[in-house]
Amino acid sequence: MIRLEHVTKAYWYQGRPKYIARDLSAVFPTEARVALMGRNGAGKSTLMAMIAGSLNPDSGRVRVSGSISWPIGLTGCIHPELTGGQNVKFIARIYGVDTEELVDFVADFAELGVNFNQPVRTYSSGMRARLNFGMSMGIKFDTYLLDEVSAVGDAGFKAKSKKLFDERMSNAGVIMVSHSPRMMKSMCKTGAVLEGGKLTFYDDIEEALDRHSRNLLGENYKMSKEFIDD
C-alpha cells in the first residue's frame, strides 16, 4: 500500500510557487492498477519520484509497504559513466538482491553483447532502454512505477519483453503515466487525475479519461472516439 499524508511539493516560478501537490492525501491500495493522468507540467513524474523515494516532499509524508520500483521509462536510473554491468551491480546492491544473478539475467535479456561492459554514454537510446528494462524486470516488485514506457528493439525482442512484462504485472500493482489512452485502458481499470496540486481518483478508467480530456480542452471539450481510442 502507498499512502500520501498531507504531501505538499512546489517549485518557484517567477517568484510564485507552482504546486505539484498541495496538502495531498491519497491511498493506492496493494495491487491496484492506476493510470496517473495530468496535463504537461502538472507534476506526474515528480509525484512518481516522491512515491519512489528519490525526491522528498516539502512537507507531509509518503508511506510505503512492500517493495516498489523506481520510475521505469526510457532512461530510468542509469549512470552514463558506468558500464552496463556496473549499473546493474549498483542497482542490485541498492535493492538488496543477488548481484551475480541480476547481472546474468540482464546481460542475457538485454542482448547488448560486448557493449554490456562499455560505458552507457556510448549507448544508443534503444540500448539504454533495453538495459533499463532488463534491470527493472530482473527484480520482482510489489508495485511497479511506469513512466512513459515504450517498446524497443526488433519484433523478437518486443515479444520477449511483453511476455516477461505480463508475467511481472500479473502479480503486482501498477501506477503508470502514459500519453496513450489505449495503453492506459489495457493495463489499468482505475485512474487518478492530477490537476492544480490535487489528485482525484476514479473507479472507472473511462471517467478518469473523460475528466482528463476536459482539463486539457477546457470549455471547448468535446468527447471524441479518436481521443479515447488513441
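What you see as residue numbers is a count from 1 along each chain, following the sequence as written. Residue-level local features of this predicted model are given only where pLDDT is at least 70; pairs of side-chain atoms are given and counted only at 80 or more, and the full residue set underlies all totals for whole chains, interfaces and linings. As a convention, hydrogens and water are excluded, and side-chain values are obtained from all of the structure's heavy atoms.

Let's hear about the overall build of the protein chain: which residues, and what values?
The numbering of helices and of strands both runs from the N terminus, where a helix is a DSSP run of H or I of at least 4 residues and a strand a run of E of at least 2. The number of helices and strands found in the protein chain is 8 helices and 9 strands. A radius of gyration in this sense is built from C-alpha atoms; the matching globule rule multiplies 2.2 Å by the number of residues raised to 0.38. At 18 Å, the protein chain has a C-alpha radius of gyration in line with the 17 Å of a compact globule built from 230 residues. Taken along the three principal axes of its C-alpha coordinates, the protein chain extends 55 × 40 × 35 Å. Buried residues are those whose accessible area, probed at 1.4 Å on protein chains only, stays under 20% of the maximum for their type, while exposed residues exceed 50% and partly exposed ones sit between those limits. For the protein chain, the residues scored as buried account for 44% of the 230 residues in total. For the protein chain, restricting intrachain contacts to residue pairs at least 6 apart in sequence, the fraction spanning at least 24 positions comes to 66%. For the protein chain, the exposed surface amounts to about 12300 Å²; the carbon and sulfur share of it is 50%. For the charge count, each Lys or Arg is scored as positive and each Asp or Glu as negative, with His and the chain ends excluded. Every charge is mapped to an atom, namely NZ of Lys, CZ of Arg, CG of Asp or CD of Glu. For the protein chain, the distance from the average position of its 29 positive side-chain charges to the average position of its 27 negative side-chain charges is 4 Å. Any two residues whose heavy atoms approach within 4.5 Å are treated as being in contact. The accessible surface values rely on the Shrake-Rupley method and a 1.4 Å probe; as for residues, cover is taken only from the protein chains in view.

Mind laying out the packing of aromatic side chains, listing which residues take part and the relevant values?
Ring pairs are drawn from Phe, Tyr and Trp, using the six-membered ring of Trp, whenever the two centres fall within 6.5 Å, and their geometry is named by plane angle: stacked under 30 degrees, edge-to-face over 60, tilted for the rest. Under the criterion given, the structure shown has 9 aromatic pairs. Ring geometry for Trp 70 and Tyr 95: centres 5.3 Å apart, planes at 50°, overall tilted. Of the two residues, Trp 70 is situated in strand E5 (residues 68-72) and Tyr 95 in helix H2 (residues 84-95); the sequence distance between them amounts to 25 residues. One aromatic cluster in this structure is built from Phe 105, Phe 109, Phe 133, Phe 157 and Phe 165. Only when the NZ of Lys or the CZ of Arg is both within 6 Å of the ring centre and within 35 degrees of the ring normal is a charge said to sit over the ring. Just above the ring of Tyr 19 sits the side chain of Arg 22; from NZ or CZ to the centre is 4.1 Å. Lys 160 extends its terminal NZ or CZ atom over the ring of Phe 109, reaching a point 4.6 Å from the ring centre.

Give a detailed account of the sheet that holds strand E6 (residues 143-147), specifying residues and quantitative values.
Strands pair, by our definition, only if DSSP identifies at least two bridges between them. Strand order in this open sheet of 6 strands is E5-E6-E7-E3-E8-E9, and the pairing throughout is mixed. Two strands bound the open sheet, and with one partner strand each, they are E5 and strand E9 (198-202). Geometrically, the sheet is characterised by an average inter-axis angle of 15° between neighbouring strands, direction not taken into account. The pairing of strand E8 (residues 190-195) with E9 spans 5 bridges and is classified as antiparallel. Note that in E9 the partner of Leu 194 across the bridge is Leu 199. Helix axes are fitted to C-alpha atoms over the stretch in contact, other axes to C-alpha atoms as well, and angles between N-to-C directions run from 0 to 180 degrees.

Lay out helix H3 (residues 99-110) in plain terms, naming residues and giving numbers.
In this scheme, a helix's expected span is set at 1.5 Å multiplied by one less than its residue total. Relative to the 16 Å expected for 12 residues at 1.5 Å per residue, H3 spans 16 Å between its end C-alpha atoms, a close match to the ideal helical length. Those residues of H3 that sit buried are Thr 99, Leu 102, Val 103, Val 106, Phe 109 and Ala 110. Axial view of H3: buried residues confined to an arc of 145°, hence all on one face. Exposed and facing more than 90 degrees away from the buried side of H3 are Glu 101, Asp 104 and Asp 108. Directions are taken from the helix axis to each C-beta atom, and the arc is the one they span.

Give a detailed account of a nonpolar patch on the surface, specifying residues and quantitative values.
Only residues whose relative accessible area exceeds 30% and that form no salt bridge are eligible for patches; like-charged ones are grouped when within 9 Å, while nonpolar side chains (Val, Leu, Ile, Met, Phe, Trp, Tyr) are grouped when within 5 Å. The salt bridge criterion pairs a side-chain nitrogen of Lys or Arg with a carboxyl oxygen of Asp or Glu, the two atoms within 4 Å. Side chains of Phe 90, Ile 94 and Tyr 95 sit close together on the surface and give an oily, nonpolar patch of about 300 Å² of accessible area. For Ile 94, the position within the fold is in helix H2. Residue Ile 94 is classed as exposed on the basis of its relative accessible area, which comes to 54%.

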